[in-house]
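Here's the letter readout for the chains.
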Amino acid sequence: MITQNIDGLHQASGVPEKQVIELHGNTTYALCLACRERYEIEALRLAFEKDERPPVCSCGGFIKTATISFGQAMPEKEMRRAEMETLAADLFLVLGSSLVVYPAAGFPELAKRNGAALVIINRDPTGLDDIADLVVNRAIGDTLGAAVGVA
């Protein structure tokens, strides 16, 4: 699952963490900008409340939420993995995306060029509807619920 969500929504829904590729990072934890050590947000919050100083890693680096901020490069590992999974896909399903934020919006195009069927489920039309094999302009929950007989 390739996502631009930064809130851990997919993992909270039951998708195993190793199956989620977060292109824009995650706000539910923090990383050192220097050594990439992981920190839990709650522990950082408690430390900040105690001494009101910004968190600093044991290596001396700054710590921030594990999200990609404006001006930061996209994460290489996640981008490579997303490209590999896209190229391996027989079916590429886009759910609830306007497909205007790149580089993520380029993955459906890449999948289609590589021979995958492209399905877009989104309330509103997207710029890739013309190349999709199937476009469903409805709410995701209703559409997928009906597909599995839950709606």
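The present account deals with the structure reproduced in this document. Everything quoted here is computed from the prediction, not taken from an experiment. (Residues numbered from 1 in each chain as written. Predicted model: local features only at pLDDT ≥ 70, side-chain atom pairs only at ≥ 80, totals over all residues. Heavy atoms only, no water.)

It is at 8 Å that the axes of helix α3 (residues 76-88) and helix α4 (residues 106-113) come closest, and there the two elements cross at 35°. Handedness of the α3/α4 crossing: right-handed. Contact residues: Met79, Ala82, Glu83, Thr86 and Leu87 in α3; Phe107, Leu110 and Ala111 in α4. Here the contact of α3 with α4 is built from residues that sort into 6 nonpolar, 1 polar and 1 charged. (Axes fitted to C-alpha atoms, helices over the stretch in contact; angles between N-to-C directions. Helix = DSSP H or I, 4+ residues; strand = E, 2+ residues; numbered from the N terminus. Left-handed = near helix turned anticlockwise from the far one by under 90°. Contact = heavy atoms within 4.5 Å. Nonpolar A, V, L, I, M, F, W, Y, C, P; charged D, E, K, R; others polar.)

Let us look at the sheet that holds strand β5 (residues 63-67). Ordered by their spatial adjacency, 3 strands build an open sheet running β4-β3-β5, and the pairing between neighbours is antiparallel. Each edge of the open sheet carries a strand with a single partner, namely β4 (38-40) and β5. Adjacent strand axes in the sheet meet at a mean angle of 50°, parallel and antiparallel pairs treated alike. Of the strand pairs in this sheet, strand β3 (residues 25-32) and β4 are connected by 3 bridges, and their pairing is antiparallel. (Pairing = 2+ DSSP bridges.)

On to the environment of Pro103, then. Counting through the fold element by element, Pro103 comes out in the loop between β6 (91-95) and α4. Through-space distance from the C-alpha of Pro103 to that of Leu23 is 9.1 Å; in sequence the pair is 80 residues apart. In this view, Pro103 contacts Met74 and Met79; residues no more than four positions away in its chain are not counted.

Right, let's get into the pairing of strand β7 (residues 117-121). Of all the 5 residues making up β7, 4 are buried; the element is thus mostly covered by neighbouring parts of the structure. Here β6 pairs with β7 via 5 bridges, running parallel. Bridged to Phe92 within β7 is Leu118. Once you follow β6 into α4 and on to β7, the crossover reads as right-handed. (Buried < 20%, exposed > 50% of the residue type's maximum accessible area, 1.4 Å probe, protein only. Right-handed = clockwise from strand over helix to strand, strands pointing away.)

Another aspect to go through is the side chain of Thr86. Within the secondary structure, Thr86 sits in helix α3. Within polar-contact distance, the side chain of Thr86 engages the backbone oxygen of Ala82 at 2.7 Å. Those residues in contact with Thr86 that sit more than four places away from it in its chain are Ile2, Phe92, Phe107, Leu110 and Ala111. (Polar contact = N/O pair within 3.5 Å; in protein donor to acceptor, adjacent residues only side chain to side chain.)

Everything listed here is a matter of coordinates, which is why it stays silent on function.
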